[in-house]
Structures are given as C-alpha cells and as structure tokens.
Amino acid sequence: MQLQPDESGKFGRYGGRFAPEVLISALDELEHAFFKFHEDKSFNAELDNLLRTYAGRPTPLYFAENLSSFCDPSGRVRIYLKREDLVHGGAHKMNNTLGQALLAKKMGKERVIAETGAGQHGVATAMAAVKLRLKCDIYMGTEDIERQRLNVFRMKLLGANVIPVDKGSKTLKDAINEALRDWVTNVEHTYYLIGSVVGPHPYPLIVREFQRVIGIETRKQIIEAEGRLPDVIVACVGGGSNAMGIFYDFIEDDVELIGVEAAGRGLHTGMHGASICAGEDGVLHGMFSKLLQDEYGQINQSYSIAAGLDYPGVGPELVFLAEQGRVKMTAATDNETLTAFKILAEKEGIIPALESAHAIHCAIKLAKKNRGREYIIVVNLSGRGDKDIFIAAEALAGETL
Amino acid sequence: MYVRACAVGEASMLSMITEDINQGEGIDMAIERVFERLRREGERALIGFITAGYPSAELTPAVASALIDGGVDILEIGLPFSDPIADGVTIQRASEHSLKAGMNTDLYFEVASQIKGVEKVCLSYYNLVLRRKTERFIEECISAGISGIIVPDLPVEEASDMLKASKNYDFDVIFLVSPTTTERRIAKILNVSSGFIYVVSLLGVTGVRERLSDAISPTIHRIRRVQSAEKISIPVAVGFGISREDHVRAVCEIADGAIVGSAFIKIMEEHMHSGELKRADKLHAFEDTKNMLADLKNFAQRLKKATHVALCSDQAARTAEQP
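Quantities reported herein were computed from a predicted structural model and do not represent experimental measurements.

Calculation rules
Residues numbered from 1 in each chain as written. Chains lettered and ligands numbered in written order. Predicted model: local features only at pLDDT ≥ 70, side-chain atom pairs only at ≥ 80, totals over all residues. Heavy atoms only, no water. Helix = DSSP H or I, 4+ residues; strand = E, 2+ residues; numbered from the N terminus. Rg over C-alpha atoms; globule rule 2.2 N^0.38 Å. Buried < 20%, exposed > 50% of the residue type's maximum accessible area, 1.4 Å probe, protein only. Contact = heavy atoms within 4.5 Å. Areas by Shrake-Rupley, 256 points an atom, 1.4 Å probe, with all protein chains shown as cover. Pairing = 2+ DSSP bridges. Axes fitted to C-alpha atoms, helices over the stretch in contact; angles between N-to-C directions. Parallel < 35°, antiparallel > 145°, perpendicular 65-115°, else oblique. Left-handed = near helix turned anticlockwise from the far one by under 90°. Nonpolar A, V, L, I, M, F, W, Y, C, P; charged D, E, K, R; others polar. Buried area = accessible area lost by both parts, 1.4 Å probe. Salt bridge = Lys/Arg side-chain N within 4 Å of Asp/Glu carboxyl O. Polar contact = N/O pair within 3.5 Å; in protein donor to acceptor, adjacent residues only side chain to side chain. Lys, Arg positive; Asp, Glu negative; His and termini not counted. Phe/Tyr/Trp six-rings, centres within 6.5 Å; stacked < 30°, edge-to-face > 60°.

**A word on the overall build of chain A**
Within chain A, the secondary structure is distributed over 16 helices and 14 strands. Relative to the globule expectation of 21 Å for 401 residues, the C-alpha radius of gyration of chain A, 19 Å, shows essentially globular dimensions. The C-alpha extent of chain A, read off along each of the three principal axes, is 60 × 45 × 40 Å. With 401 residues in all, chain A has 65% of them scored as buried. Looking at chain A alone, contacts between residues at least 24 apart form 74% of all its contacts between residues at least 6 apart. Carbon and sulfur atoms form 50% of the exposed surface of chain A, whose accessible area is close to 14000 Å².

Here it is in structure tokens:
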C-alpha cells in the first residue's frame, strides 16, 4: 500500500497540485518548510508541549460500556470512543491548527487565513493564532454563519476576523474558494491554514501528519485496555481529516477501517455530502479527487445536517485507500445520525457533534450485527455537539426527549 | 528606449524585419501568426476576454462582434465554472449569471462556433475539460474554430495529457507565468507553451484595477532572460488588472500583447443594471443593447489604439539581441 504521496503529490491517481501558477512557489516553499520542521526535534518538542498543555492531549480512549451493552447485552461487543471531543476547542481540529500555526510562525508568516464550515476549524485556528500571536482571518459561508452562530461568536471573541462569503452555495466550498483567492493575493506574508486533508499537495499530507496523533494514541490505548488491536475503526468523513488521523497508523494492520459519509436526505435524493460513495473523479480546490458534480463538471451543492460534512469533495488519500479496498466507505442519513446523536447522549452522557454522530450510527449498526461475538469497535468521536444543539433541537422537535 | 533602438541603423533594421517575416512564415500556429503580423505592422495584440453566456447566450456572438469590430485581435471566450478560484468578483458574477441561465459545455461550443473573424481561445477551469475528456474537449474546440486553450488551474506539471492531446492538432496550450514563477519554472513552461505566454501581472485574481502592477516589468524581464537562454521565441501577453488605455499602452511598451477582460464585463454589467429597470419596455431594451454594444466597440477601439507602437521600439531591440 502506498503510504506517502509520490513526487507529484499523488496517492495513486488522486491528489496532485492543480493550483494557479501564483501559488506554485508558495506550495513549494510550504512543502520544503514542512519537511524541514517535521523532522526537527525542537519543533516537535514545542508542538508536543502545546498539544499536551494547551490542547489537552492525550485524549482518553473511553470504553462506552452502556452503549455497548445497549447494542449487545451479552457484553462481548465492546465500543470504545476516542475522545477528540475533549480536545481544547471541542474537536480534533486543533491537532492540525497548532501544528500548522507553529509551522507558519517558523516560516516567518504574520497572518493566517482559514476556511470553516461548521466553525470548528475556524475556532481552532483562531485559538492557535491567539496562542502563537498571529493575525487571523476566517472565511465562512453565510449559510454556515447562520446555522453555526455559536462558533461565529467564539471566533470573534478570540479576536479573529470572520469574513462572510455570500457566493455560490454559501457554505464550506465557497469559503475555500475565497480563502484561496485571498492567499493568491497575499501569498508573501500569509499562511493558508487549511482545515482538512484536502487541497493541493502538500496540504493533504501536512494535515494527515498533524492528525496522526489520534491514531498513534489510539493504538497504544487499545493495546493497554484490550491487549490487542480493535476489529474495526469507524470515523466520519467530510474532507476526511479525523478519519485519516485515526486510520493512518492502522493501514498495515489487520483492522477494518470504515469511513462514514453524509447521506443527508438519502443518496438517491441528490441531497447529501457523500463524495466517495456517490461522487466522480474531478479537480476542485487544487486536487484530483472524487467530487459531487454534474455531467459537465460543474460542482454540485452538497448537503448535510452536519455543516462539517457539507462539502462536495474529499481528501485524495482517502479516495485512494477506498479505491484500493483498504478503507470501506458507507454513509448515514440525517435521520440515522439524529437517532445516534440521541442514543449516545442518553446512554453515555456524551453529546457528540452531528458529524461524529454519523460514525456513532455506523458503530451501533456494526455492534448489533456482531452481537454475541468478541468484537472491538473504536469510534473516532471527533467533536462535541454543543455547537449543534439548536439544529438538533429543531430537527428533533416533536420527539419526546 | 525608442532612441536606442532606432540607432540600430537602416540595413540591420531591414534584415531584422525580413527575418521577422521569415519567422512568421515558419509559424504554423494561428495565434503566433497574429502576433507576427501585428509586430510587422508596428502593433501589439489586444486580447479580449468575454464570458460565454454573459449577458446571455444569444447576445454572446454580438458582444464578440462588437469587440472584434473595435479591434480585438484575439478573443478569449470563457467557459464559466462554478468555482472560479482565479477570478475576481466581476468575472465571478458573470460566470454565476451565465451558469444560472443554462450555460454548459455543449452550449458553449455552439456559441463559440458562431463567433467569426478573430482568433479564438478557450479559457476554462480544468474540471470542465477533464469531465469532457481532454481529447474530446480539444476536438470540439477545433470544430468550433478555437485555436488554443488557457486553463488557470492546470500548472505545467499536470498538463501532460493536455499537451499530448494538443500535439495531434495544431492546438495551442497557453500557460501562465506569475510574478512568483521562478526562472527554472519559466524554462519548463516556455518549453511546452505555444500561442503566447500569459503573464499574470500581479499577485491576485482577475479584476479591474486603478493602478498598473509594478510586478509586470520584472516578470517580463525574467521571461526574456530565459527566452534568450533557451533560444525560445514566443509572444508574451499581460493580463489581470489591465483595464485602461494607459495600462494597455504601458504594457505594450514591454510585451507583445495586453489582455483585457473584467473591464469589458463591467461595461456589460452596467448596462444590464440600467437595462433591468426598463425591462418592461422592449424598445428601450433593444436600444440599451445597441448602446451596450456601441460602448463595447468604442472601448475596444480606444484600447486597440493604445497597442500601436512605433516599429523601432523595445521589441525590435529585443529581436536584435536574440541570436
């Protein structure tokens, strides 16, 4: 299995660098800096320290006993949750933003820009920027601003400038377009801090490397708890950063890896965010990947109740792993997600992000299917659900809570 | 510069011109022939850009004609994309408007083939080419009378399919060079480019600007340096932010052509806005379209005039320096 991008930044056929000429030298500079600092002891020591003392790592691997016995009363199926929801900021996003903001600092950049969908990456970028004293501008679609007001307020409180994007679908896709346009214009002093394993090479590699910490910890923790590797690891997939983060260190092991995309109102309705399950090859945001697009190649609007999965593209390495059959892809609808969201709250006292609830749905299904078997499931609980309570309340209106 | 070039002397000047003519005859690519012809006539190329389907698919050929009548030598016809990351707000708005009204790749080639009397170049983003399959896209370009293509999100490293497909036809793949492009990359780009080199004048996206960028001259100097080192002669045209006569004039002092896009779109946009108010009145709408086309033509004429340079200017001096 190919574990690193080739010279042109591709995993198999996917990835590459389909970027405007203005950005090519900046991407070269970034690649060079990343390789330099990635091997650098003092850089890594500084990052480790930040992750530990500021972000709150390592996060626990929690045995969800109630949820497990809810699914399998025999107690043989055991579901573990990797608690990325406990990372400072409320999601796994900060693993990456601390890494990249530190890289930006070392590269001598004064300003970071980022796109955000659900607002989690925007918040995590704003926090890292405050911590490392960088100027911070965040692009966010006006539709996302509307549905994620809490995170908008958090970003502003953190001193970030939130720039509304009122173009196209007014969501993450257009926020990325706008961030790219900003970067093209201010490339000399600005670092584009991309939030997922997407974009032109070397971004998918950089983000994966900074998110790998999730999988590295999980491996150690599950061996401590169970004395063996899990049977399966489940993660939700929007762009794919939390999935690549937890999957990567298990690629060469006998562990099933399952990515869960947003089936929205159902894959057949066209209202979803399932780029691997239902998309086709194409180029967007600097990468060759799977995209939601029409017959002419115009990008379709994606849809999901979870803003963080509302993106018509996906990380190229994940597409490659799926094509190779190494990662299995599936999708959960809004309704399935909401049910899982409620179950986790009721059984474990944990309110997951709607994004992560997609993975919880898949884990519950797997647990039920494997009833009575010795079966260990690890779910990447990539974020907490505080940001989603109003959306969930509205969607669950009428149901007895 | 004018004085220095003119001091070259009549005899060598004549030989330079004949050399140019011979060179011109040797070029079998239509776009480079345009630059050659203009150069002999003491002009530079005015390259216009329009978005197909703006203000409407029906009006696009008339818009093109207005620009051609005004003196545009090469016309870039944009096939709009949903996510045009290299474009500023003006072309973004035109693209969105065009797509909403039903523009697509099929319709694009229909509209493009109706435009006559100018060298045509397709400008689009890579996903639309890829989706059509590169080979087929180029074949359809050729059927529509389009001589070349510009794809702003296709850097030279990813262009091997495109270059391979274009080799089977006399089809130009036009690459961009930006102020941040290193000389090593410029060499790489020059070695595979045909038609012309599209110099991005500034760090940024397309769009009307008040001031001309300071980055143009150093970028062109770097290109010229690499051109003479690599012994590659290909026309160089400057775009992004070129929106006024004085911009065109200044660009034509040092380059072989100036590319103007957003400024044309802006004229149409202004007429669209005033037209909307009177939409109910058909006669007024017709009058307004006529006025819009007249304004486009006038503007193109003024820009074209600014491309007239004396024969013995920088260009001649540059040719003399070349081996």
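**Some points on the sheet that holds strand β2 (residues 74–78) of chain B**
All names here are of chain B. Across the sheet, nine strands lie side by side as β5-β4-β3-β2-β1-β9-β8-β7-β6; this open sheet has parallel pairing. Each end of this open sheet is capped by a strand with a single partner; those strands are β5 (172–174) and β6 (176–177). Helix-sheet contacts for helix α6 (residues 105–113) involve β2, β3 (119–123) and β4 (146–150), and the interaxial angle to β3 is about 165 degrees.

**Notes on the packing of helix α5 (residues 120–131) of chain A against helix α7 (residues 149–157) of chain A**
All names here are of chain A. Remark: α5 packs on α7, axes separated minimally by 9 Å, with the N-to-C direction vectors making an angle of 15 degrees. Accordingly, the angle class assigned to the pair α5 and α7 is roughly parallel. Once α5 is placed against α7, the crossing between them reads as left-handed. Facing α5, whose interface residues are Q120, G122, V123 and M127, α7 presents N151, R154 and M155. Its residues placed into classes, the contact of α5 with α7 shows three nonpolar, three polar and one charged.

**Some details on the interface of chain A and chain B**
Taken together, the contact pairs 37 residues of chain A with 37 residues of chain B. Carbon and sulfur atoms make up 52% of the area that chain A and chain B hide from each other, which totals about 2900 Å². For the chain A face of the interface with chain B, the top three residues by lost area are E21, R181 and Y296 of chain A, together amounting to 27%. In this structure, the connection of chain A to chain B is made through four salt bridges. With a shortest N-O distance of 2.8 Å, R185 of chain B and E21 of chain A are connected by a salt bridge. Connecting chain A to chain B are 23 residue pairs in polar contact (both at pLDDT 80 or more). Elements represented by at least two residues in the side of chain A that touches chain B include exactly α1 (21–38), α8 (172–186), β11 (280–284) and β12 (287–291) of chain A. At eight residues, the largest contribution of residues to the side of chain A that touches chain B is made by α8 of chain A. Residues of the side of chain A that touches chain B, tallied by class, amount to 14 nonpolar, 10 polar and 13 charged.

**Thoughts on unusual backbone geometry**
Put simply, H201 of chain A and P202 of chain A share a cis peptide bond, and its omega is 15 degrees. Residue P55 of chain B is reached from Y54 of chain B by a cis peptide bond, and omega for that bond is 0 degrees. Locating P55 of chain B in the fold gives a position in the loop between β1 (45–51) and α4 (60–70). The backbone of K231 of chain B sits at a positive phi, close to 55 degrees, despite the residue not being glycine. Structurally, K231 of chain B is set in the loop between α11 (216–230) and β8 (236–239). Of note, F240 of chain B is a non-glycine position whose phi angle comes to about 80 degrees, a positive value.

**Side note on the sheet that holds strand β10 (residues 256–264) of chain A**
Residue and element names in this part refer to chain A. If you walk across this open sheet you meet the six strands as β3-β4-β14-β9-β10-β13, and the pairing is mixed. The open sheet terminates on both sides in strands that have one partner only, identified here as β3 (61–63) and β13 (327–333). Averaged over all adjacent pairs, the angle separating strand axes in this sheet is 25 degrees, with direction ignored. Where strand β9 (residues 232–236) lies against strand β14 (residues 375–381), three bridges are found, and the strand directions are parallel. Within the sheet, the bridge partner assigned to V234 lies in β14 and is V379. Packing of helix α10 (residues 213–226) onto the sheet brings it into contact with β3, β4 (77–83) and β14, and relative to β4 it is tilted by some 140 degrees.

**A look at the side chain of R326 of chain A**
Residue and element names in this part refer to chain A. Relative to the assigned elements, R326 resides in the loop between α13 (316–323) and β13. One buried charged side chain, R326, makes no salt bridge at all; its nearest oppositely charged neighbour is D254, positioned 6.6 Å away. Within the local environment of R326, its side chain forms a polar contact with the backbone oxygen of I251, the two atoms lying 2.7 Å apart. Among the polar contacts listed, one links the side chain of R326 to the backbone oxygen of D253, at a separation of 3.0 Å. Not counting the four nearest positions on each side in its chain, R326 is found in contact with M1, F250, I251, D253, V255, E256, L257 and L321.

**Concerning the packing of aromatic side chains**
Residue and element names in this part refer to chain A. A full pass over the atoms with the stated rule returns 16 aromatic pairs over all chains. Each ring, one from Y14 and one from F288, has its centre 5.3 Å from the other, and the planes form 10 degrees; the classification is stacked. With Y14 in strand β2 (residues 14–15) and F288 in strand β12, this residue pair connects regions lying 274 residues apart in the sequence. Of the two residues examined, Y14 and F288, each falls in the buried class.

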